[in-house]
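# Observations on chain architecture
For reference, the chains in residue letters:
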Amino acid sequence: MKNRITTSLCAILLSVTGLEAANVAATKFGAATDGKTLCTVQLQKAIDECASTGGGVVTFAPGKYLTGTLFLRSHVELHLERGAYILGDTQVRDQKIYPKRALIYAEDIEDAGISGQGTIDGQSNTEGFLSQGFKVNDGNRPNGLNFLRCRNISFSDFSLLNAGSWTFRLQECDGVRIHAINLRSLAQGNNDGIDVDARNVVISDCIIEADDDGICLKSDSRDFMPENITVTNCVIASNCNPIKFGTSSYAGFRNVTISNCVIRRTTETNIWHWEEHYDDLQKGVLTGLAGIAIESADGGLVEHVRINNITMEGVITPIFLCLNKRHGDGKGIIRDISISDVTAVCEGNIPCLISGIPGSRISDVTLRNIRVEHQGGQQVMTERLNESLTGYPENRMYGRRNPACGLFVRHADNVKVEGFTAIMRNADQRPAVVADDVNGLAVSELTRRQILGAPLQNIESKAITLDKVEVK
């Protein structure tokens, strides 16, 4: 009996000792904390030792850690204490510093993550970085975080700033939790916020300010379907599209819920000056493009999407649903989309858009309790709106003007609009709603303010109904 007890106690002590040994200080191998001395090698040794013992926590105490690419390992959590800064080296053209074009990179790992009240800063807003003359879409700058084919990973509480390119990228991951991170990345082109090409994802309570798209669902492979994604309780600012599905949309997106989010203006724009591309925008206006953009441009399937309780300002178009064949065969599908309880105060005059293409139609869309406000002051548009079958999908793809001032629907079937208020700040001559080649559009409880045009214009459409129109 005594021997059995002794053996059990030894096993417990060894287990406890092993757990303690797994936790490693980031400075264990001599990493400097002055923010000037490159310490990639020392930090990587700390991560690798933690992984070699079975996993645990690598703790970054207060200080500044200058580094190139760090490779996160399975069963390892990076914990940044308040006052800890992981700083990206600004000599980004050196592939020895950024061999994976990311500040923190992971591939085929599981049960890992990043936590804490500290900061990860790519320093792309500094003179050293900016002086290298990078351009939009040049592919030469590092992402902030890039996780490829990872499973059961979590991220919480830290700040993520100034990425060289995409700020936070998930590729073919499964099981992701992102909670209460503060993301701000405005200095470079392609500064997306969170790019989600992943399954079983929960994003909650985040504050995101990005020069490019804010929370952006991507689908880069026809063999991997991003699905089962929830976004809730986030504040999003973007100089492009705050909430976006696409542009990359090869497989598509399925089973997505987005709720209780606020879209606001960014605090600055360094790349985009949209008054050069859109009518009726004031010079220097801080605005994004489409508040909610759902796109299938590469042949993918988009279905079972629920978006509700969204307030937005600092956008041009509140809601944008688009099919085209940029890289696909024109057989993309968008169906079963429900968007409700949206309040939008907008710049310019491009209204909510739902537009398929001939031979590939959007179907089964419900808009409920939508309130939009635009600049107004436009005359009737007599010409039919241009098609854009292969152009880059965004709200200006059909031109600077639109025949509707509230909602334009084209090449679509079975669209329900229940409670739609369109307000123009200046009297507008255009119809509130225009249906062009639509089979089944039911509009009820349409409210118009400062709209002098007809409630609804029908262009080669059938099964169109309009009920309970109010003019104020």
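Predicted model only: the values in this text are computed from it and were never measured.

The rules behind each value
Residues numbered from 1 in each chain as written. Predicted model: local features only at pLDDT ≥ 70, side-chain atom pairs only at ≥ 80, totals over all residues. Heavy atoms only, no water. Helix = DSSP H or I, 4+ residues; strand = E, 2+ residues; numbered from the N terminus. Rg over C-alpha atoms; globule rule 2.2 N^0.38 Å. Buried < 20%, exposed > 50% of the residue type's maximum accessible area, 1.4 Å probe, protein only. Pairing = 2+ DSSP bridges. pLDDT = per-residue confidence, 0-100. Contact = heavy atoms within 4.5 Å. Phe/Tyr/Trp six-rings, centres within 6.5 Å; stacked < 30°, edge-to-face > 60°. Lys NZ or Arg CZ within 6 Å of the ring centre and 35° of its normal.

### Some details on the overall build of the protein chain
Helix and strand counts for the protein chain come out as 3 helices and 32 strands. The globule rule puts the C-alpha radius of gyration for 472 residues at 23 Å, and the 25 Å found for the protein chain is close to it. The principal-axis extent of the C-alpha atoms belonging to the protein chain is close to 90 × 60 × 40 Å. Burial status across the protein chain gives 56% buried among its 472 residues.

### A few points about the pairing of strand E29 (residues 407-428)
Relative to E29, strand E27 (residues 352-355) runs parallel, the two sharing 4 bridges. Across the sheet, Leu 353 pairs through a bridge with Phe 408, a residue of E29. Pairing between strand E28 (residues 362-376) and E29: 12 bridges, direction parallel. Each bridged residue has a counterpart across the sheet, and for Ser 363 the counterpart in E29 is Asp 413. When E29 meets strand E30 (residues 433-451), the two strands line up parallel, connected through 15 bridges. In the sheet register, Thr 421 faces E30, and the bridge partner there is Thr 447.

### Some points on the confidence of the model for the protein chain
Averaged over every residue, the pLDDT of the protein chain is 94; the share at 70 or more is 96%. Throughout residues 1-19 the model reports pLDDT below 50, and contacts reaching past four residues in sequence, or to other chains, amount to 0 contacts.

### What about the packing of aromatic side chains?
For any two aromatic rings, the description comes down to two numbers: the centre-to-centre distance and the angle of the planes. Under the criterion given, the structure shown has 8 aromatic pairs. Measuring from centroid to centroid gives 5.0 Å for Phe 60 and Tyr 65, while their planes differ by 80 degrees, and the two rings are edge-to-face. In this structure, Phe 60 and Tyr 65 share a single accessibility class: buried. An angle of 85 degrees between the planes, with centres 5.8 Å apart, marks the rings of Phe 245 and Phe 253 as edge-to-face. On the basis of relative accessible area, Phe 253 is assigned to the buried category, the value being 0%. Site record: aromatic cluster; members linked through ring pairs are Phe 147, Phe 155 and Phe 168. The ring of Phe 224 is capped by Arg 199, whose NZ or CZ atom sits 4.1 Å from the centre of that ring. A cation over an aromatic ring shows up here: Arg 410 above the ring of Tyr 398, its NZ or CZ 4.9 Å from the ring centre.

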